[in-house]
Amino acid sequence: KNEVEQSPQNLTAQEGEFITINCSYSVGISALHWLQQHPGGGIVSLFMLSSGKKKHGRLIATINIQEKHSSLHITASHPRDSAVYICAANTGNQFYFGTGTSLTVIP
Amino acid sequence: DGGITQSPKYLFRKEGQNVTLSCEQNLNHDAMYWYRQDPGQGLRLIYYSQIVNDFQKGDIAEGYSVSREKKESFPLTVTSAQKNPTAFYLCASSPGPAREQFFGPGTRLTVL
């Protein structure tokens, strides 16, 4: 059983589409993280949130603590958004990582 | 420029050889981590260190060893005891245990 589950595993979208990636977790958390991994392998932290909603440019992350669920939204998607998006549950002692959602945005 | 560096980016080794992966950070972070990434799986924790001269095993420490002699450096040795060492290895650091982690570019190790 995985502590963090993401859906979908793979996602293909047309440029300009609104994208949603979902994350459910089963552990108690101090924070939920969204990470972006580009084809070269490097990982960048997008969001760290413990409640509500955060926005950065075209990216929005939300979390529902009661339902143990978080979503990452991308508005007006662009080919440069193509990457693997990883959800991670931070329990305060360790991180549990989802397997990632591979997003491809087609021009 | 503050950040985390890992070297080399690609590494090849023969079966039965030990190999050491480098990780250096100039972010003045106390905590450092080593993760392994395999296709179709989430990142798995190998070792972590919250402070200099101290480190703890993660979920998959067997066949690996680390040292933390300096705050900036957390090298990982993949020993010949690791049964399936071919993987992508990521190093990360954070100001503290429950804080945001910053990742290095990774080292792809292939055992021939």
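Refer to the preceding data block for the structure.
Reading the values: rules and limits
One numbering rule holds for all chains: residues counted from 1, following each sequence as written. Written order determines the labels here, with chains lettered from A and ligands numbered from 1. Where local features are concerned, this predicted model is filtered to residues with pLDDT of at least 70; where side-chain atom pairs are given and counted, the filter is 80 or more; whole-chain, interface and lining totals use all residues. Derived side-chain values reflect all non-hydrogen atoms in the structure, with water molecules and hydrogen atoms excluded from consideration. Salt bridges are defined by distance alone: a side-chain nitrogen of Lys or Arg within 4 Å of a carboxyl oxygen of Asp or Glu. By definition, any uninterrupted DSSP run of H or I lasting at least four residues is a helix, any uninterrupted run of E lasting at least two residues is a strand, and each is numbered from the N terminus. Only protein chains enter the area calculation, which uses a 1.4 Å probe; residues under 20% of their type maximum are buried, those over 50% are exposed, and those in between are partly exposed. Patches here: salt-bridge-free residues with over 30% relative accessible area, like charges joined within 9 Å, nonpolar side chains (Val, Leu, Ile, Met, Phe, Trp, Tyr) joined within 5 Å. Exposure was quantified through the Shrake-Rupley algorithm and a 1.4 Å probe, taking into account, for residues, occlusion by the shown protein chains and nothing else. To form a nonpolar core, buried Ala, Val, Leu, Ile, Met, Phe, Trp, Tyr and Cys residues must be joined to one another through side-chain atoms within 4.5 Å. We call two residues in contact when some of their heavy atoms are within 4.5 Å. Here, a strand pair is defined by DSSP locating no fewer than two bridges between the strands. Note on method: axes are straight lines fitted to C-alpha atoms, helices fitted across the in-contact stretch only, with angles between N-to-C directions ranging 0 to 180 degrees. Defined in terms of a 1.4 Å probe, buried area is the accessible area two parts forfeit on being brought together, summed over both. Pairing of N or O atoms within 3.5 Å defines a polar contact, subject to two protein rules: one partner must be a possible hydrogen donor and the other a possible acceptor, and residues neighboring in sequence count only if both atoms are side-chain atoms. Only Asp, Glu, Lys and Arg are considered charged in this grouping, and only Ala, Val, Leu, Ile, Met, Phe, Trp, Tyr, Cys and Pro are considered nonpolar; every other residue, Gly among them, is considered polar.

To continue, consider the pattern of salt bridges. All names here are of chain A. Tallying each qualifying case throughout the model produces four salt bridges over all chains. Measuring nitrogen to oxygen at the nearest pair gives 2.9 Å for the salt bridge that ties R58 to D81. Of the two residues, R58 is situated in the loop between β6 (52-56) and β7 (59-64) and D81 in the loop between β8 (69-74) and β9 (83-90); the sequence distance between them amounts to 23 residues. Residue D81 is classed as buried on the basis of its relative accessible area, which comes to 5%.

A contiguous nonpolar surface patch, about 400 Å² in accessible area, is contributed by Y10, F12 and L112 of chain B. Positionally, L112 of chain B belongs in the segment after β11 (107-111).

Attention now moves to the nonpolar core. I19, L32, W34, F47, L72 and Y85 of chain A are the most contacted members of the largest nonpolar core, which totals 22 residues. Counting only elements with at least two residues in this core, the list comes to β3 (19-25), β4 (31-37), β5 (43-49), β7, β8, β9 and β11 (101-106) of chain A. With residues near it in sequence (within four places) discarded, I19 of chain A still touches L11, A13, L72, H73, I74, S77, L103 and V105 of chain A. Ranked by size, the runner-up nonpolar core spans 21 residues in total, among them C23, I60, Y64 and Y89 of chain B.

Strands in a sheet are paired, the pairing made by backbone hydrogen bonds, and the direction either parallel or antiparallel. Residues and elements named next belong to chain A. Overall, antiparallel pairing links the five strands, which are arranged β1-β3-β8-β7-β6 in an open sheet. The two strands at the open ends of the sheet, each matched to only one other strand, are β1 (4-7) and β6. When strand polarity is set aside, the average angle formed by the axes of neighbouring strands in this sheet is 15°. Taken together, the six bridges between β7 and β8 define a ladder with antiparallel strand orientation.

So, about the interface of chain A and chain B. Taken together, the contact pairs 18 residues of chain A with 18 residues of chain B. The contact between chain A and chain B buries some 1400 Å² in all, and 56% of this surface belongs to carbon and sulfur atoms. It is I43, F95 and F97 of chain A in chain A that bury the most area against chain B; as a group they hold 35% of the surface buried on that side. Inspection of the chain A/chain B interface yields zero salt bridges. Our count for the chain A to chain B interface comes out at two residue pairs in polar contact (both at pLDDT 80 or more). For the side of chain A that touches chain B, the residue count by class is six nonpolar, twelve polar and no charged.

Another point: the side chain of D81 of chain A. A polar side-chain atom of D81 of chain A sits 2.9 Å from a polar atom in the side chain of R58 of chain A. With residues near it in sequence (within four places) discarded, D81 of chain A still touches Q36, R58, I74, L103 and V105 of chain A.

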